[in-house]
Amino acid sequence: MHQAIPYSYKTYFPTTIGLSRDTSTTATTTTTSVADATNVGKLVSENAVIVFGRRGCCMCHVVKRLLQGLGVNPTVSEVDDQDEVAVVNQLLRIIGVDQKSGEPDGSSVQFPVVFVGGKLFGGLERVMATHISGELVPVLKEAGALWL
């Protein structure tokens with residue numbers, strides 16, 4: 001019988017900018033850790049597709065794998081628990097929501113959150129819905145994430 005190997009998020013998710021150690025795919029996805037909230041705007045503006053998610057979040061992994069299956073190599077930024085509030089505040093600032101008055105339509109930023117072409121695209125539900133309806137590939141082409 002085989003002995004179980006204990007899981008450690010540090011083994012699979014490096015804390016510095018580098019490559020993910022997920023060897024189940026041949027695509028190269030850059031996995032970053034947000035060191036401070038000032039990097040958030042820069043990451044959004046510099047990447048055609050970026051996924052922000054909690055460290056070790058399975059839904060973030062689902063979004064990443066779906067995008068990779070379409071031929072996109074998204075940048076994935078994994079947010080630590082202690083940085084979550086600052087990152088959420090920066091994301092709200094980027095999408096134009098005033099934190100003092102609250103969200104205009106009652107929605108809030110929930111991880112994973114996907115930005116395509118520097119604009120908020122949505123979360124897992126939006127990515128899945130647009131993929132199923134066939135609208136995701138044209139959006140990714142328009143953002144320059146696909147060259148098909």
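Since this is a predicted model, take the numbers as computed values, not measurements.

A. Summary view of helix α3 (residues 58-69). With 12 residues, α3 ought to run about 16 Å at 1.5 Å a step, and its terminal C-alpha atoms sit 16 Å apart, in line with that. Among all positions of α3, only C60, V63, K64, L66, L67 and Q68 are buried. On its buried face, α3 sits against β3 (49-54), β4 (75-79), β5 (113-116), α5 (124-133) and α6 (136-143). Immediately beyond the C-terminal end of α3, within one or two residues, lies G71, with a positive phi of roughly 100°.

B. Seen up close, the nonpolar core. Ranked by internal contacts, the top residues of the largest apolar core, which has 17 residues, are V49, V51, L67, V72, V114, L136 and L140. Of all the secondary structure elements, the ones that give two or more residues to this core are β3, α3, β5 and α6. Residues in contact with L140, not counting those within four places in the same chain, are V49, L67, L70, V72, V116, A145 and L146. In this structure, V97, V109, F111 and F115 belong to the second largest nonpolar core, which totals 15 residues.

C. Looking closely at the packing of aromatic side chains. Evaluation of the coordinates by the stated rule reveals 1 aromatic pair. The interplanar angle of 85° and the centroid separation of 6.0 Å between the aromatic rings of F52 and F115 together place this pair among those described as edge-to-face. Of the two residues, F52 sits in strand β3 while F115 sits in strand β5, which places them 63 residues apart along the sequence. F115 carries the same exposure label as F52, and that label is buried. One Lys or Arg, R126, reaches over the ring of F121 and ends 4.3 Å from the middle of that ring.

D. Structural context of the packing of helix α2 (residues 39-46) against helix α4 (residues 84-95). Axis separation between α2 and α4 bottoms out at 9 Å; the angle between their running directions is 50°. Comparing the axis directions of α2 and α4 gives the class oblique. Judged by the twist between their axes, the crossing of α2 over α4 is right-handed. Residues V40, G41 and V44 of α2 pack against V87, Q90, L91 and I94 of α4. Within the contact of α2 with α4, the residues separate by chemical class into 5 nonpolar, 2 polar and no charged.

E. Region of the structure containing the pattern of salt bridges. Inspection of every chain in the model, using the stated rule, returns 3 salt bridges. One salt bridge in this structure joins R54 and E84, with 2.8 Å as the shortest N-O distance. One end of the pair, R54, is in strand β3; the other, E84, is in helix α4, and 30 residues separate them in sequence. Given the relative accessible area of 37%, R54 is considered partly exposed. Between E78 and R55 there is a salt bridge whose closest N-O contact spans 3.4 Å. Within this pair, whereas E78 is found in strand β4, its partner R55 is found in the loop between β3 and α3, the two being separated by 23 residues in sequence. Note on E78: relative accessible area 5%, which makes it buried. For R55, a relative accessible area of 15% corresponds to the buried category.

So, how was this worked out
- Along each chain, residue indices are assigned from 1 in the same order as the chain's sequence is written.
- It should be noted that, the model being predicted, local features are given only for residues of pLDDT at least 70 and side-chain atom pairs only at 80 or more, the latter also being counted only at that level, while totals for whole chains, interfaces and linings use all residues.
- Calculation of side-chain values draws on the structure's entire complement of heavy atoms; hydrogens and water are dropped beforehand.
- Numbered from the N terminus, helices here are DSSP runs of H or I no shorter than four residues, and strands are runs of E no shorter than two.
- Under the convention used throughout, the expected extent of a helix is 1.5 Å for every residue step, that is, one less than its residue count.
- Burial status follows relative accessibility: with a 1.4 Å probe on protein chains alone, a residue under 20% of its type maximum counts as buried, one over 50% as exposed, and anything between as partly exposed.
- By the convention used here, residues are in contact when the closest approach between their heavy atoms is within 4.5 Å.
- In this text, buried Ala, Val, Leu, Ile, Met, Phe, Trp, Tyr and Cys residues form a nonpolar core when linked through side-chain atoms within 4.5 Å.
- Any two rings among Phe, Tyr and Trp, with Trp reduced to its six-membered ring, count as a pair given centres within 6.5 Å; such a pair is stacked if its planes are under 30 degrees apart, edge-to-face if over 60, and tilted if neither.
- To sit over a ring, a charge needs its Lys NZ or Arg CZ within 6 Å of the ring centre and within 35 degrees of the ring normal.
- Here, axes are lines fitted to C-alpha atoms. For helices the fit covers the stretch in contact, and angles between N-to-C directions go from 0 to 180 degrees.
- Each angle gets one of four labels, with under 35 degrees taken as roughly parallel, over 145 as roughly antiparallel, 65 to 115 as roughly perpendicular, and the rest as oblique.
- Note on convention: the crossing is left-handed when the near helix lies turned anticlockwise from the far helix by less than a right angle, right-handed when the turn is clockwise.
- We call Asp, Glu, Lys and Arg charged. Ala, Val, Leu, Ile, Met, Phe, Trp, Tyr, Cys and Pro are nonpolar, and the rest, Gly among them, are polar.
- The rule for a salt bridge is simple: a side-chain nitrogen of Lys or Arg has to be within 4 Å of a carboxyl oxygen of Asp or Glu.

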